[in-house]
Each structure stands twice: as structure tokens, then as C-alpha cells.
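# Analysis of the macromolecular model
Each chain, written out:
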Amino acid sequence: MAYFQDEDTYQRLRDLLGQVDQTCGTQSNYLYYLATAASFFSDIVRQLGTAGLTSQEDGKWRRVIVEKPFGRDLESARTLNQNISQVLAENQIYRIDHYLGKETVQNILVFRFGNGIFEHIWNHHYIDHVQITVAETVGVENRGGFYEGVGALRDMVQNHMFQLLATIAMEPPVSFEADAVRDEKSKLFKAIQPLSAEAVLSQTVRGQYGAGSIDDRTLPAYRSESRIAADSSTETYAALKLTIDNWRWANVPFYLRTGKRLPKRVTEIAIQFKPVPSLLFRDTPIDSLTPNFLIIRIQPSEGIHLHFGAKIPGPRVIMSGVEMDFCYTNHFGTNRSTGYETLLYDCAIGDATLFQRSDNVELGWSVVTPILDVWSALPSRGFPNYAAGTWGPIAADTLLARDGRQWRQIK
Ligand code: BG6
């Protein structure tokens with residue numbers, strides 16, 4: 001019998017925890033961290049419950065952190081939620097997404113709701129569109145066995161990117177309390193316009209990297225990596241255009257892209273503002289205006305940058321793009337963290353604000369599942385369709401070009 005399914009494992013765990021209580025004075029407060037294969041999550045929680053390791057009488061607390069992937073699609077996420085909620089109350093379950101522990105992601109809330117200047121322009125009147133990029137230079141490394149059955153949409157979009165999207169686009173919560181914040185995230189996910197099969201074909205792009213190079217390092221194609229099928233149809237790149245059907249975001253597209261083996265490691269949210277209503281400088285050498293961008297850089301070189309146009313000094317009116325920068329490390333001298341440190345601490349003090357509630361996860365899956373359905377029904381015939389070290393498939397550029405836009409060039 002597998003280790004996690006064996007009752008004996010949990011009896012031994014109970015004895016061990018009893019000894020730790022005696023020697024370390026931990027008062028029977030237990031935090032379990034499930035970072036196993038997802039197929040074991042339900043069994044482990046059930047066994048912990050049967051062994052009496054999840055009950056919270058007499059003021060002691062028992063909490064369980066559940067790693068991603070939380071399900072593979074809407075149905076499996078629902079089943080997992082149902083299974084674990086038979087043993088645990090919602091306030092004992094901490095569905096972790098390490099992006100929410102990143103300092104810059106948390107700062108989005110402070111930036112938006114703690115500063116008078118930005119919230120007034122945070123809507124369709126002033127914002128043209130939003131681009132969210134999570135670019136990685138790494139490939140699948142030694143995780144082929146896991147990644148092959150998952151792909152970029154499940155691995156990055158449904159969780160990390162949707163958390164960035166929700167944080168940037170949700171309405172102000174009534175307080176900073178866990179459920180108030182998570183209620184607003186759920187409302188936002190509900191407002192994302194579901195993609196029909198036709199919309200999946202026109203509003204999403206998938207890619208898989210072929211051989212290439214980054215910084216003079218020659219890199220193999222995804223299909224040549226360890227534990228990857230030679231004819232794999234797993235995507236290592238995904239781009240999508242989403243629209244949010246609510247008052248604030250009417251007609252403001254959100255473009256999301258993520259991929260492995262891209263030229264740079266960078267996670268950023270770029271908000272492009274609408275141009276001025278009339279081109280005043282018509283009779284000058286200025287024939288087009290530099291778009292105004294607010295960039296929230298999540299990693300690396302965490303910071304916030306405002307791009308705008310300025311006149312180049314001299315007798316003629318010539319414009320150039322310039323930047324106002326706030327850089328975390330320069331200003332606060334903070335050390336980089338992965339996100340996990342904050343989240344483990346929050347779980348130990350019982351603050352679930354930065355963890356996903358069951359409805360948040362299911363709503364995220366309900367947006368992604370129609371895409372997965374179409375993609376699996378029509379496996380891509382063109383893979384590999386981008387070389388390692390490039391910015392992804394051409395179709396991702398076309399996705400924006402059709403709307404008269406382009407991805408921000410990240411240098
Ligand atoms: C993980 C994904 O959740 O996040 C990985 O499974 C990915 O595929 C990683 O590389 C990225 O995390 P970070 O913090 O390096 O951006």
C-alpha cells in the first residue's frame with residue numbers, strides 16, 4: 001500500500017507530533033503542508049482526519065496548506081474541494097499560490113487603494129488596455145514528468161497570472177480582511193467573459209519551444225527534454241485576450257502571456273493609458289506620441305515605472321519616451337524573497353488573505369476549462385512554433401496586431 005494511504009503512517013505521525021508537543025511546547029497546534037503529487041491530497045486529508053489530527057477543540061488550531069495544482073480543470077477542482085471540505089472547515093484550508101506572497105504583488109493593493117492619484121484613472125475612461133507578462137528563461141528542467149501532463153495554461157495562467165489579474169482589476173474591498181478581499185476576487189473572476197469555442201480559436205495562442213539559444217547557450221527543443229514525448233502537444237507558451245464585463249473595465253482588453261525559454265526572466269503588469277484626444281503637435285516633427293505606460297515590475301528588479309513623453313531639449317519640438325522609476329532594492333534595501341516566507345508566516349498566524357478560497361479556485365478554472373477543452377479537442381499541428389530564446393509564436397503578435405496594438409518590448 002502506498003505510504004500516504006497507509007493508516008499506520010498517520011498513527012506514527014500522531015505519536016511523533018505528541019512527542020514534539022512535549023519537548024517543544026507546541027500545544028497541539030499543527031500546520032501540515034501538502035506538497036505531494038496532487039493525486040494524494042484528498043487521501044492525505046481524509047487520513048489526517050481519521051487519525052484525529054485535524055480537530056481543533058480546546059483552542060488548538062490545525063491548518064493544512066495545499067500546494068498547486070489544485071485540480072486539473074473545473075470538475076476535478078470541485079471534487080477536490082468537496083473531498084477536503086468533508087474533513088476541514090474552509091478556515092483550516094490554505095490553498096497556496098506563491099505569487100501572492102511576493103512583495104510587489106501585495107504592494108499592488110497598497111498602490112491602488114492607498115494612493116489618491118491612481119484610483120481615479122483606474123478604469124475604461126483612461127486605460128487603453130493591460131498586458132500581463134510572465135516570461136521565464138528556464139525550460140522544464142527536471143520537471144518533465146510533471147509538466148508534460150500540465151502545460152503553461154494550468155501551470156501559470158489559472159493560478160499565478162489570474163491572481164495578478166484579480167489584484168490589478170478587482171474593486172476595492174470593504175476591508176483588508178481575508179474574506180472581503182477574496183469576495184472581490186471572486187466577483188472579478190465572475191465578470192470575465194467566458195470564451196466560446198470560436199473565441200478560444202481567435203483569442204488564445206499556444207506555443208511550444210523548439211531548439212534555440214539564450215545568451216549564447218544552445219538549448220534543446222521541449223520535445224528533446226527528459227521525460228517529454230517526442231511528439232508532445234503540451235504547450236510551453238500561452239497568450240490570451242480576456243475581457244471583463246463590468247462597469248470599470250468595459251472595452252478594456254487584458255492580454256496575458258507566459259512562456260518558458262523566452263529571452264528574459266520578467267514578470268510585469270503594463271497598463272497602457274489612452275492617448276490624448278487630439279494631436280496638438282501636428283506641424284512639428286512629432287508624428288506619433290509615445291504611449292503612456294505604468295509598469296508594475298514583479299520580478300526581477302522589483303519596482304514601479306511610469307513611462308511618458310518629454311520634449312528633447314533644443315529649439316525644435318521633438319519628443320522622447322522617458323521614465324520615472326521606483327526601485328524596491330534601491331529605496332528599501334530589501335532582500336529578495338520567493339513569496340513562500342510571507343505565506344508560511346501568514347498561515348501560522350491564521351491570516352488567509354493571501355490564500356485562495358474554494359470559490360476563487362473554481363471560478364479561475366471555469367475561465368480556463370473551455371480553453372483546455374478546445375485545445376485538447378484540436379491538438380496543435382504546428383509545434384514547435386517558437387525557438388528557445390525568442391518571444392513566443394508569431395500568432396501571439398498577431399493577437400494584438402488585430403486590435404491595432406503590440407506587446408511591450410521588454411529589454
Ligand atoms: C511554479 C511553476 O508554480 O512557478 C513553474 O510550476 C514556474 O513552472 C514557477 O517556473 C515560477 O515561479 P517564479 O517565482 O520563479 O516566478
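Up top you'll find the structure we're talking about.
We now turn to the structure provided with this report. (Residues numbered from 1 in each chain as written. Predicted model: local features only at pLDDT ≥ 70, side-chain atom pairs only at ≥ 80, totals over all residues. Heavy atoms only, no water.)

## Overview of helix 8 (residues 178-191)
Helix length check: helix 8, at 14 residues, gives a terminal C-alpha distance of 20 Å against a target of 20 Å (1.5 Å per residue), a fit within 8%. Burial runs high along helix 8: 10 of the 14 residues are buried. Where helix 8 is concerned, the buried positions are Ala-178, Ala-180, Val-181, Arg-182, Glu-184, Lys-185, Ser-186, Leu-188, Phe-189 and Ala-191. Where helix 8 is buried, its residues touch helix 7 (151-169) and helix 12 (358-377). (Helix = DSSP H or I, 4+ residues; strand = E, 2+ residues; numbered from the N terminus. Expected span 1.5 Å × (residues − 1). Buried < 20%, exposed > 50% of the residue type's maximum accessible area, 1.4 Å probe, protein only. Contact = heavy atoms within 4.5 Å.)

## Notes on the layout of surface pockets
Computed from the structure, the largest pocket encloses a volume of approximately 930 Å³. Lining the largest pocket are 46 residues, with Lys-68, His-98, Arg-143, His-160 and Tyr-340 sitting closest to its centre. Elements supplying a minimum of two residues to the lining of the largest pocket: helix 2 (41-50), helix 3 (74-85), helix 4 (103-113), strand 4 (127-135), helix 7, strand 12 (293-299) and helix 10 (328-332). If you tally residues by element for the lining of the largest pocket, the top one is helix 7, at 4 residues. Among the residues making up the lining of the largest pocket, the classes are represented as 17 nonpolar, 16 polar and 13 charged. Reported here for the second largest pocket is a volume of approximately 810 Å³. Broken down by element, the residue count for the lining of the second largest pocket peaks at 5 residues, all from strand 14 (residues 319-327). Its residues placed into classes, the lining of the second largest pocket shows 14 nonpolar, 13 polar and 7 charged. (1 Å grid on protein atoms, 1.4 Å probe; cavity = no way out; pocket = protein on both sides within 12 Å on 5 of 7 lines; lining within 4 Å. Points joined across faces, edges and corners; volume = space filled by probe spheres on them. Nonpolar A, V, L, I, M, F, W, Y, C, P; charged D, E, K, R; others polar.)

## A short note on the sheet that holds strand 1 (residues 30-34)
In spatial order, the strands read 1-2-3; together these 3 strands make up an open sheet with parallel pairing. Across the chains shown, the open sheet's two edge strands, defined by having one partner strand only, are strand 1 and strand 3 (93-95). Neighbour-to-neighbour, the strand axes of the sheet open up by a mean angle of 20°, direction not taken into account. Sheet topology note: the strand 2 (residues 62-66)/strand 3 ladder contains 3 bridges and is parallel. Across the sheet, the residue bridging to Val-64 is Ile-93, located in strand 3. Sheet strands touched by helix 11 (residues 340-349): strand 1, strand 2 and strand 3. Its angle to strand 2, the strand with the most contacts, is close to 155°. (Pairing = 2+ DSSP bridges. Axes fitted to C-alpha atoms, helices over the stretch in contact; angles between N-to-C directions.)

## As for the site of the ligand
The local shell around the ligand consists of Lys-68, His-98, Tyr-99, Lys-102, Glu-136, Arg-143, Asp-155, Met-156, His-160, Lys-260, Arg-265 and Gln-299. Note that an oxygen atom of the ligand is positioned 2.6 Å from one of the side-chain N or O atoms of Asp-155. The side chain of Lys-260 places a nitrogen or oxygen atom 2.9 Å from an oxygen atom of the ligand. The fraction of the free accessible surface of the ligand (400 Å²) that becomes covered by protein chains is 81%. Taking a 2 Å distance to the grid points as the criterion, the majority of the atoms of the ligand fall inside the largest pocket. When residues of the shell around the ligand are assigned to their parent elements, the largest contribution, 3 residues, is made by helix 7. Grouping the amino acids of the shell around the ligand by side-chain chemistry returns 2 nonpolar, 3 polar and 7 charged. (Near = heavy atom within 4 Å. Polar contact = N/O pair within 3.5 Å; in protein donor to acceptor, adjacent residues only side chain to side chain. Areas by Shrake-Rupley, 256 points an atom, 1.4 Å probe, with all protein chains shown as cover. Sits in = over half its atoms within 2 Å of the grid points.)

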